[in-house]
Structure formats: C-alpha cells, structure tokens
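# Per-entry structural report
This is what each chain is made of:
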Amino acid sequence: MKIRHLTLALASALLTACAGDSPSEPKAPVPSALTSVSVPTLSAVAGTAVTTKPSVKVATSTGAGVPGVTVTFSVTSGGGAVTGGTVVTDASGIATVGSWTLGATVGANALAATTSALPGVVVTFIAIGSIGAPASISFSRDSLLLDQWGDTASVSVTVRDANNNVVSVPTLTWSSGNTAVTTITNGFATSVRTGRTLAQVSATAGSFPTIQATIPVRVVSQRNLACTAPVAPSRGAAAPVATYNEYEIQNALSVPSWDGARSIPFDFDNDGDDDVVRFEYSFPFSTVYSGTIKVFKNDGGILRDSSSVYAPAGVIPDHPRDFEVVDFDGNGFDELLLIQHGFDAPPYPGAPNIMLRLQSGVLGNVASSRFPGMSSSGFSHGSATADIDCDGDVDVMELQLTPAVGNRLWINNGAGIFSNGTSARAPLLAGLAGQRWQEVEFIDFDNDGDPDLYLGARSGTGWNEDFLLVNDGFGNFRRSTAVQVPAPRFASAHGVNNAKAADFNGDGRLDLFLFEIPAPFSTSSVARLWLNLGNGLFTDASTAWGLPTLCGAELIEPLFVRDLNGDGWPDVIMPNGCPELGGSGILTNTGSGFSMKAFSTFVSFLNGDVATPVDLLGDGRLDIWFGERGGNPIIVRRP
C-alpha cells in the first residue's frame, strides 16, 4: 500500500515540474491605423452602385493587418445607402463594404469607415454621382398656337434622367409631323397653313439610348379674336355697258387753270353728301411751293366754289401723291390726310404732308399735332389706311423715299393721335431696306379679318420685287415664303404706281388690280389683275380678263375701284390710262372680264383725262368729276 501512494506522488510532482517549464502565450495585435485600400475617389451614375467597393485595412504600428476587428461603413452625405455596412476584418485586416449606392441627386457623395478600436479615426470615400440616361422630356409650354403664313413661336425642352436630374447638354433633333402645316428647327416653329400636327423632339446624351416626345401644334387663321372675317357682298348679274349712258352733265365749274390738280371727295361737313377739295400745284418741275387749295361745298347736289369760306389759310399743296379720307379720331367727322412729295426732280426736297379737318367753321391743318414728325418734309410716295390691330381705330401706312425720314407705320391711340411703330411692328420696312417700295395697299388676302400689307416695288435695279406681308392680327407684319405674288412683267426694273384691292371675280377673296411700270416717267405701263387663289398664291389673270400686254402711257393719277353701275361688281376707273383700251375710261367688270368704256362716251368735249367718283346726292349712286389738269372740271351725274 505504501508503494502505490509513492508512485502517485511522484507522478504528481513530475506533472507539476513539466507545467512550470512551458513558454508563455503570445499577445493579441494592437490596431494602430485605419487606411483605405480601394481608391478614395469614385464615380457612378446617380442612384446606382459604385462598381469598385470601398475597403479599408486595420493595421498595427508595423503595418501588419489586424484580423477580427469590426468596421462600420456609413453614408455621411449625398443621400445614398449601403449594404453590408458592418464588416469584420479578414485575416489580412481588410474590411470591404457589401455595396454603396449613390444618392439620386447629381453631385458628391461621402462614405465614412470607422472602428471602435480606433476612436476618432475616419476614412472617407468620395463618389461623384453623374447624370443618367435621358428618361423624360418636358416642354416649356403645353402646345404651340400660331397664326398662318409664317408666324413663329419657340419652345424649349428640359431633359431629365430617371432620378429627375437635368441633362445639361443633350443632343436634340426636331421634326414636324406635317411640314405643310409647320416646320420646326431647334425648337423654333414657323407656320405654313392652317391645320394641326405634332412637333417631335428626340434627345440623347453620350452613348445613352435616344428618347422622344411630342408637342401639339395648331395653326389657325386668326389668333386675335377681336378681328372678324369680312362678309362678302351680294352681287347681281353684271350690268351691260349701255347702263353708263344714263350719266348726264351736271355742271361745269369755273376754276383757274393749273398744270396739275387733284380733286378729292370729302364730306367735311358731315351732311351725308360729298364735297370736293381740289389741290392745285405746279407739275412736274417746280422749286416753288405755288399750289392753292379750292373747296367746293355740295349744296343739294350742286357743287359751289366755297374756297373763301372754308379753304385753310397758309396751307400750300405741293404735288400730292396720295390721300386718305377717314374718321381718325372717332368723332363722326371725316378728316383728309394728304400725302405729298414735292416737285419731282433733283434734289427732291420733299414736302410736308397735310391733314385737314373742320374746326371753327374752317378747314384747318392738324398734321403736326396728330402725327408728330409727319409734317417734316420728306418724299412721301404712298399711303394706305386700315385698323391693323383690330382695336377699333384706323392706322396709317406711309411710304417714304427719303432715307433720312424712312417709312412710317402710324399707330392710332384711339383719339386720332399717332405714333411711329415701324421698327416694332414692321421692321422689314425700317431703314434703307425699306426704300424698295413705292406703292402700298392693305389687303386681307386670307380672309382672317386683319389687313395684310401689299408693297409695290420701286422701279430701279435690284428693286423689282413686290412683297405681301402677313398681319398676325395684332398689327405686326412679317414675310412668309408661302405667300407669293406673280413675277413682274418688267423683270430688269419693275415699279408699281397704283394698286387697289377688291374681290373682282366674286369668290369671296380679295384680288389686286395694279399698274406696273419699267421706270419712272415711263412711256409704257401694263395693267395687271392678280386673282387670289386662296392658298397664299395669286395668279396673273390680266390676259384672260382682256387687259393688254402693254399700255403706251404711265398711269400716275389715282386709280379708283368702285361699283359704278350698282350691280355689286367692282369696276375700275382708269385716269390718263391705257390708249390700247381706248384711253382714259372705265373698266366695267362682268365678273369674268373687263369691258372698256372711254370717258368720251359720257361727254365728247372733256378737257381733262382724270376722273374722280363722288356721291353728289348722298344716295349711294356714284357721280363722276372729270378733268384735272389745265381746264375746268365737268361733273356728270346719273339721274
């Protein structure tokens, strides 16, 4: 029994000795640094995950990786998100985030890596979120509404990616669904004719796929609802030429003989019948303002010289070129605007325009107060009046051949006071470029209720193109290549001396009758009738309507278009007209052609070749005042 106990004691002693002889356990590595392993600056499309996952290394002071350390990845700016944000370092001391998805907004995003083993130590990763693929297109307006004939409108677009970020410089391609209605380039739409279509824009950026969007486009005949389309007059069958034989001599007025004169029907006393104001002047070459004004008051159908009572003192006419009789200020009384250019020879000094109205029992000149600047001298060569902006008052277009003065589109303020709106309303007519025309007529060629503007060329090299400018309904004029008038008869040098608009063939559209000349003071001219086709185009119907290809005289006196026989069809009074048509006379409109009736048919001893229609009795039946230059006027009247 003693031997056993000794053995156990020895074994125990040996074990104790062996235990005391073993080495001590190694110490755990101490984290000393936290550094990035992946690149610290990254990029990706906003709202998507970066392809290179951020990773960090936890290391000792000697650079050895520390395994088993918990690292936390958290978004600090940019609004993104992470997966696997809490990571334990691997055997090499490296921790990698599961994923990092950037915020939806373009710009910088920040991701911080931290560990509790190293308080206060942060590794920051920066990722730039960029624009994504175009995903949507929005327009600056819901639709485009344009007037027809070259009206313009612009639209811009904003392209965004799926995260609603703006694509700053997309590549855009524009197209029209129907180029017969409108064209569009770079978001700038130009109308052609009435209709509806869609404008399409395609957008892309870089290598991203292309997207498309459309915007409705509507082209209308009139955008200004205050403008109303004209109502076509009723017409009867064209009257036979013999109807004119009803005219009889009314009286012969005794007036002084002048080289030139222009008689204008003007009911200045507003009693319902036409009085006549006669402007007498030296023609064509005089350097002295030597004209006088004669006033013939209508007394029960008899014109009497009442100049001593009504003629304005100190008002001197000098080669009147055109005139307008209109109630400009809306008071119920007409006023007479006389456009004149002075003697027609170098140095072409011009002459002030005149505006007459009855005031204190006498016709007075109010041009300077009504048209600031109009009374200054200039070579005025044409005028026309219309309510260009459909505001209820009458505006004036004055053509000027004096560059220093320039064309003037006079805008009525409603009280008969005018301002020059040329640069803003019709910039094509401003400056030297506006000197290309010498005849003007308002014509609502498209029946939309606003007056468009015909410009007859001024004869001269390179100035041989007539224009028809389109009114947008608000009194702004533009040119449209879709609107065309026939080519000039005299191709090298073409001018227009007279032009009048009327519906000659009864189709409800306004046509143009005009006289074309090859040069000033030409010994030849041509009468032309341009019929309106209704599609922005006019056709030359001169030959078909019986007009000669050439006239052996220049028509420089006013051309009148009136219904002289009461059949509803507009006839043409041609003063000092076309010998090939029988001289001066009346072109009777049959609805499909003209029949010439010379003035000599009325009275064989006419002492002048100019005729002016007047309504002596106020009954709507037009009488005629014959004779202007160098003789006493003769009035014939239809009973």
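Preceding this section is the structure that the text describes.
What comes next concerns the included structure. (Residues numbered from 1 in each chain as written. Predicted model: local features only at pLDDT ≥ 70, side-chain atom pairs only at ≥ 80, totals over all residues. Heavy atoms only, no water.)

### A closer look at the state of the cysteines
Taken as a whole and assessed by the stated rule, the structure comprises one disulfide. A sulfur-sulfur separation of 1.9 Å characterises the disulfide bridge that pairs Cys227 with Cys390. Handedness here is read from the sign of the S-S torsion; for Cys227 and Cys390, about 105°, the answer is right-handed. Of the two residues, Cys227 is situated in the loop between strand S19 (211-220) and strand S20 (248-252) and Cys390 in the loop between strand S29 (380-386) and strand S30 (395-400); the sequence distance between them amounts to 163 residues. When its relative accessible area of 8% is taken as the criterion, Cys227 is described as buried. (Disulfide = S-S within 2.5 Å. Helix = DSSP H or I, 4+ residues; strand = E, 2+ residues; numbered from the N terminus. Buried < 20%, exposed > 50% of the residue type's maximum accessible area, 1.4 Å probe, protein only.)

### Looking at unusual backbone geometry
Not every positive phi belongs to a glycine, and Asn164 is a case in point at roughly 70°. Considering the arrangement of structural elements, one finds Asn164 in the loop between strand S14 (157-161) and strand S15 (171-176). Notably, Ser360 is not glycine yet its phi reads approximately 55°, a positive angle. Counting through the fold element by element, Ser360 comes out in the loop between strand S27 (354-359) and strand S28 (362-365).

### Quick word on the sheet that holds S15
Strand pairing in a sheet relies on backbone hydrogen bonds. The paired strands run either parallel or antiparallel. Read from one edge of the open sheet, four strands run S12-S19-S18-S15, paired in mixed fashion. Every interior strand has two partners, whereas the edge strands, strand S12 (144-147) and S15, have only one. Pairs of neighbouring strands in the sheet enclose a mean axial angle of 25°, with direction left out of account. Pairing between S15 and strand S18 (residues 195-204): six bridges, direction antiparallel. Considered in S18, the bridge of Leu172 is made with Ala203. (Pairing = 2+ DSSP bridges. Axes fitted to C-alpha atoms, helices over the stretch in contact; angles between N-to-C directions.)

### What about the packing of aromatic side chains?
Using the criterion set out here, one finds 16 aromatic pairs in the structure. Judged by centre distance (6.4 Å) and plane angle (40°), the rings of Phe442 and Phe477 are tilted. Taken together, the residues Phe442 in strand S33 (residues 437-443) and Phe477 in strand S36 (residues 477-479) connect sequence positions 35 residues apart. Take Phe442 and Phe477: they sit in the same class, and that class is buried. (Phe/Tyr/Trp six-rings, centres within 6.5 Å; stacked < 30°, edge-to-face > 60°.)

### With respect to the sheet that holds strand S9 (residues 107-114)
The five strands are arranged S2-S10-S9-S4-S6 in an open sheet whose pairing can be described as mixed. Taken across any chain shown, the strands that pair with only one partner, and hence form the sheet edges, are strand S2 (41-45) and strand S6 (86-88). Pairs of neighbouring strands in the sheet enclose a mean axial angle of 25°, with direction left out of account. In this structure, strand S4 (residues 70-77) lies alongside S9, joined through five bridges in antiparallel fashion.

### Side note on the environment of Ala313
Within the element layout of this structure, Ala313 appears in the loop between helix H2 (307-310) and strand S25 (320-326). Looking at Ala313, the relative accessible area reads 76%, which means it is exposed. In sequence terms Ala313 and Leu363 are 50 residues apart; their C-alpha atoms lie 8.7 Å from each other.

### Details of the side chain of Arg425
Examined against the element boundaries, Arg425 turns out to sit in helix H4 (residues 422-425). At 3.5 Å, the side chain of Arg425 and the backbone oxygen of Gly475 are in polar contact. In contact with Arg425, not counting residues within four places along its chain, are Ile388, Asp389, Leu409, Ile411, Phe474, Gly475, Asn476 and Phe477. (Polar contact = N/O pair within 3.5 Å; in protein donor to acceptor, adjacent residues only side chain to side chain. Contact = heavy atoms within 4.5 Å.)

### Points about the environment of Ile417
Note on placement: Ile417 falls in the loop between strand S31 (408-412) and strand S32 (418-420). A relative accessible area of 34% places Ile417 in the partly exposed class. Apart from residues no more than four positions distant in its own chain, Ile417 is found in contact with Ser369, Arg370, Ile411 and Asn412.

### Comments concerning the side chain of Asp393
Structurally, the position occupied by Asp393 is in the loop between S29 and S30. Buried within the structure, Asp393 lacks any salt-bridge partner; its nearest side chain of opposite charge belongs to Arg425, at an N-O separation of 8.4 Å. Sequence-distant contacts of Asp393, defined by excluding residues within four places in its chain, comprise Ala386, Asp387, Asn412, Asn413 and Gly414. (Lys, Arg positive; Asp, Glu negative; His and termini not counted. Salt bridge = Lys/Arg side-chain N within 4 Å of Asp/Glu carboxyl O.)

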